[in-house]
Amino acid sequence: MSELKVGQSIMERCTSCYHNVLKVIKVVPKEFEDKTAYVVWTQCPQCGNNDHQLTQKDA
């Protein structure tokens, strides 16, 4: 996984208005027994919809 930082724009589709660029508003690490994953919170600059996704550290 490339390092995601707050304020960074990523190429993902908004689930509400289907805009192709989302802005990262929060990155929360989740520790599991054998892996680390991240919950990436995003916001669409077009409609303001907030969404999140779980991403592996090494993906």
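Here, every reference points to the structure presented above.
Quick summary incoming for the structure in this document.

Each value, and the rule that gives it
- Residues numbered from 1 in each chain as written.
- Predicted model: local features only at pLDDT ≥ 70, side-chain atom pairs only at ≥ 80, totals over all residues.
- Heavy atoms only, no water.
- Helix = DSSP H or I, 4+ residues; strand = E, 2+ residues; numbered from the N terminus.
- Pairing = 2+ DSSP bridges.
- Axes fitted to C-alpha atoms, helices over the stretch in contact; angles between N-to-C directions.

1. Re the environment of Tyr38
Residue position: Tyr38 is located in strand S3 (residues 36-43). Taking the C-alpha atoms as reference points, Tyr38 and Leu4, separated by 34 residues in sequence, lie 9.7 Å from one another.

2. Comments concerning the sheet that holds strand S1 (residues 9-11)
Through backbone hydrogen bonds, the strands of a sheet pair up, either in parallel or in antiparallel fashion. Sheet architecture is open: 4 strands sit in the order S1-S2-S3-S4, paired in antiparallel fashion. If you trace the sheet from one side to the other, it starts and ends with S1 and strand S4 (50-56), each paired once. The sheet shows a mean angle of 45° between the axes of neighbouring strands, direction not considered. As judged from the 7 bridges shared by S3 and S4, these two strands associate in the antiparallel manner. Counted as the bridge partner of Tyr38 is Thr55 from S4.

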